[in-house]
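# Fold and contact review
Here is how the chains run, residue by residue.
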Amino acid sequence: MTAALQFRNLTLGYDRHPAVHHLTGTVADGVLLAVIGPNGAGKSTLLKGIVGVLRPLDGAIERAQIRKRDIAYLPQIAEIDRSFPITVYDLVAMGLWRRAGLFGGISRRERDEIEKAISAVGLEGFEGRTIGTLSGGQMQRALFARLLLQDAQLILLDEPFTSLDAKTISDLLDLIHRWHRERRTILIVLHDLDLARTQFPETLLLAREAVAWGRTQDVLTAENLLKARQMCEAFDRHAEVCETDAA
Amino acid sequence: MYDFLIAPFVEFEFMRRALVGAFALALGGAPVGVFLMLRRMSLTGDAMAHAILPGAAVGFLVSGLSLFAMTVGGIVAGFTVALGAGLVARSTELKEDASLAAFYLVSLALGVLIVSLKGSNIDLLHVLFGSVLALDDATLILIAGIATISLLTLAILWRPLVLECVDPNFLRSVSGAGAPTHLAFLALMVLNLVGAFHGLGTLLAVGLMMLPAAAARFWAKDLTSMIVIAVAVAVVSGVVGLLVSYHSGAAAGPAIILVAGVFYVVSVVLGPVGGLRRHFVPGRHLEA
């Protein structure tokens, strides 16, 4: 199996303080991987590193097959300005950025695709609504429609199910499994252990360092979860310079 | 009716020039103002307008009331403050609003000081409140040129600019256009302020940018109509303001801004999108 992503002794962080510390491992092509860990474990940071928003402090992320344009990234919802007067249709249409770019027109076929994506997430009739009028779940559906249009090889989802109801979660899970069947590589940050156990075959348990990585039932053991909680100590303002070398 | 509305413009060339100038300022400035408002940068625009003053004042000191010198000086000062305030905000603990306030207070004081060194009080009034009734050819061409550049640039940058406002992280993940777009937008803001400076002076330059934008917010739900309404409000403010000034003898610049202010107040009270009327007279609820 080829590798979609390889982390080589990867350290990511803010202002020299590591949030992900000496992570090494391989994300296989086409895998559906849950990333689990306590708050502050570096899960979101890892996704930002993969997208390239954050540069590694040390080590490297290799994505040989995957170009930057093949990555779709859904950050935590709070980072979107929902007071901006833009319609659901336009928000979803942004998923075509790679094809349309700065000036490219949107053809009739692409309009069909936009409409199909909107109905795939169950938002028919909402096209003309501004995003400020959507509920949390509807907003997340709209963002999934945008992801559908991005048609990406590597999909990164940062806590996509936070504060959603069961129906919405199950609809969105269907989409995720559809992507999985289409052999796309998916990394999804989660807090819900039961969801990970039932829906995601592989898990990375992260607490700055990788506590465990592999088949979900082997990773999410009581022992490992305890270890994860203990490893994630508080931020130390006077931390020494880390001398650990490549593992 | 004709005497009241049309005759002043037919009879007097300075009124026609003022009208053209006000239209150009409205066309270029109002759309920029809408984006400033939506990016929560309304006060940034105000601060930047003051920040232009010392540059224009240095131009004035060197070569008197010369259009070229004051324009170049204003643009240079505007960019310096925009980039300087951004730099201070990013590399120190001070937030951007505080650093802008610091920069513009210093700039305003410095500008008034420089003008008063050489010029008379009339010059100072001209610099502070503009002279929309005394626009010469060169100034009109400058203002119209700025309006043209603004509209073209906004047309080109539309997509990344909107995306940068709504979801900057998404833009960053699909394209490197974010930072250049932001810089180009700041440049547009400075250009429009310099243009408005000639017509309305440093203290009122943002008036035709922000008041129509703020008023339009209460009438439109989507961006395109918001911009169209803002431009319309700005244009009508220009016409009505000039007429009020002509018939009453009041200063033209402040009259234009006050008319825009009236539009704003009316919009706050009556506007269907989040206006006070909806707040106090909500009407009966709908079925779904």
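Reading the values: rules and limits
Residues numbered from 1 in each chain as written. Chains lettered and ligands numbered in written order. Predicted model: local features only at pLDDT ≥ 70, side-chain atom pairs only at ≥ 80, totals over all residues. Helix = DSSP H or I, 4+ residues; strand = E, 2+ residues; numbered from the N terminus. Rg over C-alpha atoms; globule rule 2.2 N^0.38 Å. Buried ≥ 20, exposed ≤ 12 C-beta atoms within 10 Å, placed from the backbone. Contact = placed C-beta atoms within 7 Å. pLDDT = per-residue confidence, 0-100. Nonpolar A, V, L, I, M, F, W, Y, C, P; charged D, E, K, R; others polar. Axes fitted to C-alpha atoms, helices over the stretch in contact; angles between N-to-C directions. Parallel < 35°, antiparallel > 145°, perpendicular 65-115°, else oblique. Left-handed = near helix turned anticlockwise from the far one by under 90°. Pairing = 2+ DSSP bridges. Right-handed = clockwise from strand over helix to strand, strands pointing away. Expected span 1.5 Å × (residues − 1). Core = buried A, V, L, I, M, F, W, Y, C linked by C-beta atoms within 7 Å.

### With respect to the overall build of chain B
Scanning chain B for helices and strands turns up 14 helices and zero strands. For 288 residues, the compact-globule estimate of 2.2 N^0.38 gives 19 Å, and chain B sits close to it at 20 Å. For chain B, the spread of C-alpha atoms along the principal axes amounts to about 65 × 55 × 35 Å. Taking all 288 residues of chain B together, the buried fraction comes to 49%. Long-range pairs, those at least 24 residues apart, make up 71% of the contacts in chain B with a sequence separation of at least 6.

### Thoughts on the overall build of chain A
Counting its secondary structure elements, chain A contains nine helices and nine strands. The C-alpha atoms of chain A give 19 Å as radius of gyration, which agrees with the globular expectation for 247 residues (18 Å, within 12%). Dimensions of chain A, computed from C-alpha atoms along their principal axes, come out at roughly 55 × 40 × 35 Å. Taken over 247 residues, chain A has a buried fraction of 40%. The contacts of chain A with a sequence gap of at least 6 include a subset with a gap of at least 24, amounting to 71%.

### Description of the confidence of the model for chain B
Counting all residues, the mean pLDDT for chain B is 88, and 99% of those residues have values of 70 or more. If you check the scores for this complex, the pTM reads 0.84 and the ipTM reads 0.79.

### So, the environment of A:Leu195
Its location among the elements puts A:Leu195 in helix 7 (residues 193–199). Its 16 C-beta neighbours within 10 Å are what place A:Leu195 among the partly exposed residues.

### Concerning the interface of chain B and chain A
Buried accessible area, meaning the area lost when the parts come together, often serves as the stated size of an interface. Each partner contributes residues to the interface: chain B has 19 residues there, and chain A has 17 residues. Mapped onto the side of chain B that touches chain A, the elements with two or more residues apiece are helix 8 (137–166), helix 9 (168–174) and helix 12 (223–248) of chain B. The element that contributes the greatest number of residues to the side of chain B that touches chain A is helix 8 of chain B, accounting for six residues. Looking at the side of chain B that touches chain A, its residues break down into 11 nonpolar, three polar and five charged.

### A word on the packing of helix 3 (residues 13–38) of chain B against helix 11 (residues 207–216) of chain B
Residues and elements named next belong to chain B. Where helix 3 meets helix 11, the closest approach of the two axes is 7 Å, and the angle between their N-to-C directions is 60°. Compared by their axis directions, helix 3 and helix 11 come out oblique. In the crossing of helix 3 with helix 11, the sense of the turn from one axis to the other is right-handed. Mapping the contact onto sequence places Leu 25, Ala 26, Gly 29, Ala 30, Val 32, Gly 33, Val 34, Leu 36 and Met 37 in helix 3 and Leu 208, Met 209, Met 210, Pro 212, Ala 213, Ala 214 and Ala 216 in helix 11.

### Some remarks on the sheet that holds strand 3 (residues 32–36) of chain A
Residues and elements named next belong to chain A. Within the open sheet, the six strands sit side by side as 5-6-7-3-8-9. Their pairing is mixed. Lying at the two open borders of the sheet, with one neighbouring strand each, are strand 5 (71–74) and strand 9 (209–215). In this sheet, adjacent strand axes meet at a mean angle of 15° when their direction is disregarded. Judged from the four bridges that link them, strand 5 and strand 6 (residues 154–158) form a sheet pairing that is parallel. Among the inter-strand pairings, Leu 74 is bridged to a residue of strand 6, identified as Leu 157. Helix 1 (residues 43–51) rests against strand 3, strand 5, strand 6, strand 7 (185–190) and strand 8 (202–207) of the sheet, and its axis sits at about 150° to strand 6.

### Remarks on the pairing of strand 2 (residues 17–28) of chain A
Residues and elements named next belong to chain A. Alignment of strand 1 (residues 3–14) against strand 2, held across eight bridges, turns out to be antiparallel. Note that in strand 2 the partner of Ala 3 across the bridge is Ala 28. In this antiparallel pair of consecutive strands, strand 1 and strand 2, the connection spans two residues, and Asp 15 shows a positive phi of 55°.

### Quick notes on the pairing of strand 6 of chain A
Residues and elements named next belong to chain A. For strand 6, a buried count of five out of five residues is recorded, marking the element as mostly surrounded by other parts of the structure. In strand 6, alternate side chains face the same way, and those of Leu 154, Leu 156 and Asp 158 on one face and Ile 155 and Leu 157 on the other are all buried. The parallel pair strand 6 and strand 7 is bridged by helix 6 (residues 166–181), and the resulting crossover is right-handed.

### Observations regarding helix 13 (residues 252–270) of chain B
Residues and elements named next belong to chain B. Taking 1.5 Å per residue as the helical rise, helix 13 with its 19 residues ought to reach 27 Å, and the 27 Å between its terminal C-alpha atoms agrees with that figure. Every buried residue of helix 13 is listed here: Ala 252, Gly 253, Pro 254, Ala 255, Ile 256, Ile 257, Leu 258, Val 259, Ala 260, Phe 263, Tyr 264 and Ser 267. Buried-residue contacts for helix 13 involve helix 3, helix 7 (121–129), helix 10 (178–204), helix 11 and helix 12.

### Topic: the environment of B:Ser150
All names here are of chain B. Relative to the helices and strands, Ser 150 is located in helix 8. With 23 C-beta atoms counted inside 10 Å, the residue Ser 150 sits in the buried group. Residues Ser 150 and Ser 91 lie 59 residues apart in sequence; the distance between their C-alpha atoms is 30 Å. If we ignore the near neighbours within four places in the chain, the residues touching Ser 150 are Gly 28, Pro 31, Val 32, Leu 188, Leu 191 and Asn 192.

### A short note on the nonpolar core
Residues A:Val35, A:Leu156, B:Leu193 and B:Ala230 are the most contacted members of the largest nonpolar core, which totals 164 residues. Setting aside residues up to four positions removed in sequence, B:Ala230 forms contacts with B:Ala30, B:Pro31, B:Gly33, B:Val34, B:Pro212, B:Ala213 and B:Ala216.

### Quick notes on the sheet that holds strand 2 of chain A
Residues and elements named next belong to chain A. Within the open sheet, the three strands sit side by side as 2-1-4. Their pairing is antiparallel. Since the sheet does not close on itself, it has two edges, and those belong to strand 2 and strand 4 (58–62), each with one partner. Recorded for the sheet is a direction-independent mean angle of 15° between the axes of neighbouring strands. The sheet contact formed by strand 1 and strand 4 spans four bridges and is antiparallel.

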